[in-house]
Amino acid sequence: MSATQPPLLTPSAVALTGLVSEHASLAARIDERAGLTVVTSDPWSGTSALLASLEADRSQMLLVDARVANDTHDLATAIADAAISKFEPRAHTTWLTDDLLGSAAGRVMARQIGEHEIDIEGLQHGSGQPFRLLRDAFEIVTVLAPEAAVVVIDHLGVMLAAQARNERASLIAELRAIWQALTSLELVLVEHAGGPIGRALRDSSHPLFQAGEQIRIRRPSPEKFVSDLVITKPWTSVSSELLRAAAKVADGVPALTWRVVELGFRLESGNPEQDAFVGWQKLRYLSDPSSGRQWDQLRRLHRHALEVVAALSFDLPPFTIPAAGKTVSDALKRLSEVGVAWQPRSREWAIADPLLAAWARDHVPLWVRQRDARRRG
C-alpha cells in the first residue's frame, strides 16, 4: 500500500459500505426531526455501527445501548448516564460516585437539573418508581442537550425480549407518552425485524399505533457492498473483488466481512476468492471458543433450541426435527427474540451468526447429517 492510499480499515468505511442509502435515510429523518422512528433491522446488519457514525456527527444525538439494561430502572440510569457522559463530560466522574457535589462541574450540573425536580439520587442508584425514573432520565437529556435532542435506544428489542408481555407493552406505551410530553424530544427505537415495537405500530389497540414511521435495515448483499464502495473508496484500500468475496463467505454481515478482509488482505495470492476463504477459516479458528460457548448456552434457551439450530445450519426446514409443531414454533420464537434465528424471507429461517452456523455444521447430531445426505442424495 502506497503512502497516498487510505488505510484498509477506517470507521467510516466499516460503518457505511453496504449501508450508504440506509445512512442517508436515517440521517435525513433525524435532521428533519420527523418524529418518532422505529428502526427494524436484520440481526448482524451493521445497524449499531451505522448509528454510532451518525451520533459522531451530531451534537444533539444521544445513542443509548439497551443491552446494559435488565429492566426499566436500568434503562433509566443508562439514559441518564449516557446524557451526562456526552453533554456534561466534566461532571461524569462525580456522577459515578455518591457525591455529585464533590466537584465544581458536578455542583453546576446538580443545580441545573435540580431546577426541574428530577430525582438525581434515584437515577444514580436506580431506586424509585421505574416509570418516574424513566421520565426523569429523558428530562435530563432535554435539560443538558445543547439543542433539541434525539435519543436513539439501540438494541431495545433485546431488552424487551427478556420481559413478560405485559411489561413490554407498558414500557413501549410509556416511551410514547414521554415522547409526547417532552415536545423537544425526538425518539428512535431499534429492534430486530418482527419485534414487539414494530407490531405495536400496527396494532390499533396499542398506544403506539401509527405514532411514527418504521425504517427497515437489511443485511447488505455482496453486490451492495461493491456498489457502495464507489462512494466509500476514499476511506479504504480494499479491492472490490476481495470485498465481494469476503461478503459472500461472511453472509453479508458487515463486521465479519471486514474481519475477513483484514485477515485475507495480505495473502496476495492473486485470487481474491481464495484470500477471502483463507481469511474466513482464520476467523472461524479464532472464534471457535466463543461459538462453542454460545452453542452450549442454547440448551438453556429452549429444550429443542439445539435441534432447531442444527437443522438450520444445514438449511433443513426447522419442522423436520423430531418434535411437535407447536414446540418447534416456540423454539423458533425464542431463538428469534434473542437474535439467534431470523427470517431472511417469508417462511424461511436461518441462523443469524454465520460463525455459529459454521460451528454447528461441524458439531450437529448424526441424524441431521443423515437427513441432509438423503436430501442431497
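Conventions we followed
Residues numbered from 1 in each chain as written. Predicted model: local features only at pLDDT ≥ 70, side-chain atom pairs only at ≥ 80, totals over all residues. Heavy atoms only, no water. Helix = DSSP H or I, 4+ residues; strand = E, 2+ residues; numbered from the N terminus. 1 Å grid on protein atoms, 1.4 Å probe; cavity = no way out; pocket = protein on both sides within 12 Å on 5 of 7 lines; lining within 4 Å. Points joined across faces, edges and corners; volume = space filled by probe spheres on them. Nonpolar A, V, L, I, M, F, W, Y, C, P; charged D, E, K, R; others polar.

Visitor: Residue-level account of unusual backbone geometry, with values.
Guide: The phi dihedral of His-155 is positive, around 60°, even though this residue is not glycine. Residue position: His-155 is located in the loop between strand E3 (150–154) and helix H9 (156–161). Backbone geometry at Gln-210 places phi at a positive 55°, although glycine is not the residue there. Locating Gln-210 in the fold gives a position in the loop between helix H11 (196–202) and strand E5 (213–217).

Visitor: Tell me about the layout of surface pockets, residues and numbers included.
Guide: Each pocket or cavity is described by its volume, and for the second largest pocket that value is around 510 Å³. Tallied by class, residues from the lining of the second largest pocket come to twelve nonpolar, three polar and eight charged.

Visitor: Explain empty space enclosed by the protein to me, using residue names and the numbers behind them.
Guide: As enumerated under the stated definition, the model contains one cavity of 30 Å³ or more in all. Its volume calculated, the largest cavity comes out at about 60 Å³. Residue lining of the largest cavity: Leu-26, Arg-29, Ile-30, Arg-33, Ala-34, Gly-35, Thr-37, Val-150, Glu-186 and Val-188, and that is the complete set. Residue assignment for the lining of the largest cavity shows that the elements contributing at least two residues are helix H2 (20–31) and strand E4 (186–192). The biggest single contributor to the lining of the largest cavity is H2, with three residues. Here the lining of the largest cavity is built from residues that sort into five nonpolar, two polar and three charged.

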